[in-house]
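Architecture at a glance
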Amino acid sequence: MSTSEVPRSASLSPPCGTGVGGIDAVFIGQPKKYISEDGTEWRSSIFRDRVDGPIALGLRGFAGDKVADTKHHGTPAMAVCFYPIRHYALWNAELSASLGPGCVGENLCVSDLDENTVCIGDVFQISSATVQISQPRFPCYKQERRTGIEGFLKRVFATRRTGWYARVLEIGTLQAGDELILVERPHPDVTVARANLPLLGPKNPELARELLEVATLSDGWKHSLQRQL
């Protein structure tokens, strides 16, 4: 996807209080040790298990969900990882694969939303919990190991089908089937897709500086932008 193909503002701009998507599946996991075919040992929670029924969401994530790499994950700004279910159909068509919800290690697989329709700073009510979109998800080599598809990581960079993270504003309980209701959209011109551009696409100092002024963008993403500048 080229820079010109990324909309400057969200293609979905419903009134606040409107349902804009739904949760197809919920996943949690614990760090486990794995050994690759080449003998490399690695730890990750990316092989998450589907949750049936309600689950509590706290300020650092779901009950029973932990990360292995606490250097790059596990901050309050990365409490919940979202991934659009529509991406799986695209991957399967392009790669002759059979991927489905949970295959990239997300917590919430969601419908009717993607990187072009979700903005940094968006606040969503999900059942009794409230979350705020904080940053895109940076592509990780463990996604390629999880899917078992050689070259998958390069394809994520090229397509920018990354998913995104959210911080938790109000703890609560949610489950598959719940609706995402848009409560607030303070930055309609800062989609997740645009926030991805400086770090996943060609360097764009002007956009990087613009993103640094977005108050709701996570400190971690801003740190990466500052390093690029």
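Data block above holds the structure.
For the structure given in this document, a descriptive report is provided here. In this convention, every chain numbers its residues from 1, walking through the sequence in written order. Reporting of local features is limited, given that this is a predicted model, to residues whose pLDDT is at least 70; pairs of side-chain atoms are given and counted only at 80 or more, and all residues count toward the totals for whole chains, interfaces and linings. The basis for the side-chain values is all heavy atoms of the structure; hydrogens and waters are excluded.

**What about the nonpolar core?**
Note the threshold: In these notes, a set of buried Ala, Val, Leu, Ile, Met, Phe, Trp, Tyr and Cys residues joined through side-chain atoms within 4.5 Å is what counts as a nonpolar core. Only protein chains enter the accessibility calculation, which uses a 1.4 Å probe; a residue whose area is less than 20% of its type maximum is buried, one above 50% is exposed, and one in between is partly exposed. Contact definition: two residues touch when any of their heavy atoms are within 4.5 Å.
If you look at the biggest cluster of nonpolar residues, it comprises 41 residues, and the most contacted ones within it are Phe62, Phe82, Leu108, Phe124, Ile126, Leu174 and Leu180. In this structure Phe82 touches Glu106, Leu108, Val110, Ile126, Val131, Gly163, Trp164, Ala166 and Leu180, once residues within four positions along its chain are discounted. Among the nonpolar cores identified, the runner-up in size contains 12 residues, and Ala25, Tyr88, Cys103 and Cys109 belong to it.

**Observations concerning the sheet that holds strand 6 (residues 61–62)**
Rules: In this description, strands pair whenever DSSP reports at least two bridges between them. Counting from the N terminus, the helices are DSSP H or I runs at least four residues long and the strands are E runs at least two residues long.
With antiparallel pairing, the three strands of this open sheet are ordered in space as 6-5-12. Either end of the sheet is taken by a strand with one partner, and the two such strands are strand 6 and strand 12 (172–174).

**Concerning helix 1 (residues 86–95)**
Rule in force here: The arc in question is the one traced by the directions running from the helix axis out to the C-beta atoms.
All of the buried residues in helix 1 are His87, Tyr88 and Trp91. Along the axis of helix 1, the buried positions cluster into a sector of 100°, meaning they face one direction only. At the exit of helix 1 stands Ser96, carrying a positive phi of roughly 50°.

**A look at the packing of helix 4 (residues 192–200) against helix 6 (residues 219–228)**
A pair of packed helices can be characterised by two numbers: the angle between their axes and the separation between those axes. Spelled out, the test is: Comment: axis = line fitted to C-alpha atoms, over the contacting stretch for helices; angle = value between 0 and 180 degrees taken between N-to-C directions. Should an angle lie under 35 degrees it is considered roughly parallel, over 145 roughly antiparallel, and from 65 to 115 roughly perpendicular; all remaining angles are considered oblique. Should the near helix be turned anticlockwise from the far one by less than a right angle, the crossing is termed left-handed; should it be turned clockwise, right-handed. Any residue that is not Ala, Val, Leu, Ile, Met, Phe, Trp, Tyr, Cys, Pro, Asp, Glu, Lys or Arg is counted as polar, Gly included; the first ten are nonpolar and the last four charged.
Running from N to C, helix 4 and helix 6 point in directions that differ by 40°, and their axes come no closer than 10 Å. It follows that helix 4 is oblique to helix 6 by the angle criterion. In the crossing of helix 4 with helix 6, the sense of the turn from one axis to the other is left-handed. Counting all contacts with helix 4, which are made through Ala195, Asn196, Pro198, Leu199 and Leu200, the residues of helix 6 involved are Trp221, Ser224, Leu225 and Gln228. For the contact of helix 4 with helix 6, the class distribution of residues is six nonpolar, three polar and no charged.

**Some points on the packing of aromatic side chains**
This is how the line gets drawn: In this scheme Phe, Tyr and Trp rings, the latter by its six-membered ring, pair at centre separations within 6.5 Å, and the angle between planes marks the pair as stacked below 30 degrees, edge-to-face above 60, and tilted otherwise.
Under the criterion given, the structure shown has eight aromatic pairs. The interplanar angle of 35° and the centroid separation of 4.8 Å between the aromatic rings of Tyr34 and Phe47 together place this pair among those described as tilted. One end of the pair, Tyr34, is in strand 2 (residues 32–35); the other, Phe47, is in the loop between strand 3 (41–44) and strand 4 (49–50), and 13 residues separate them in sequence. Taking relative accessible area as the criterion, Phe47 reaches 29% and is therefore assigned partly exposed. Summarising the aromatic geometry, the rings of Phe82 and Trp164 are spaced 6.0 Å apart at their centres and angled 15° between planes, so their arrangement reads as stacked. Here Phe82 is found in strand 7 (residues 80–84), whereas its partner Trp164 is found in strand 11 (residues 164–170), with 82 residues between them in sequence.

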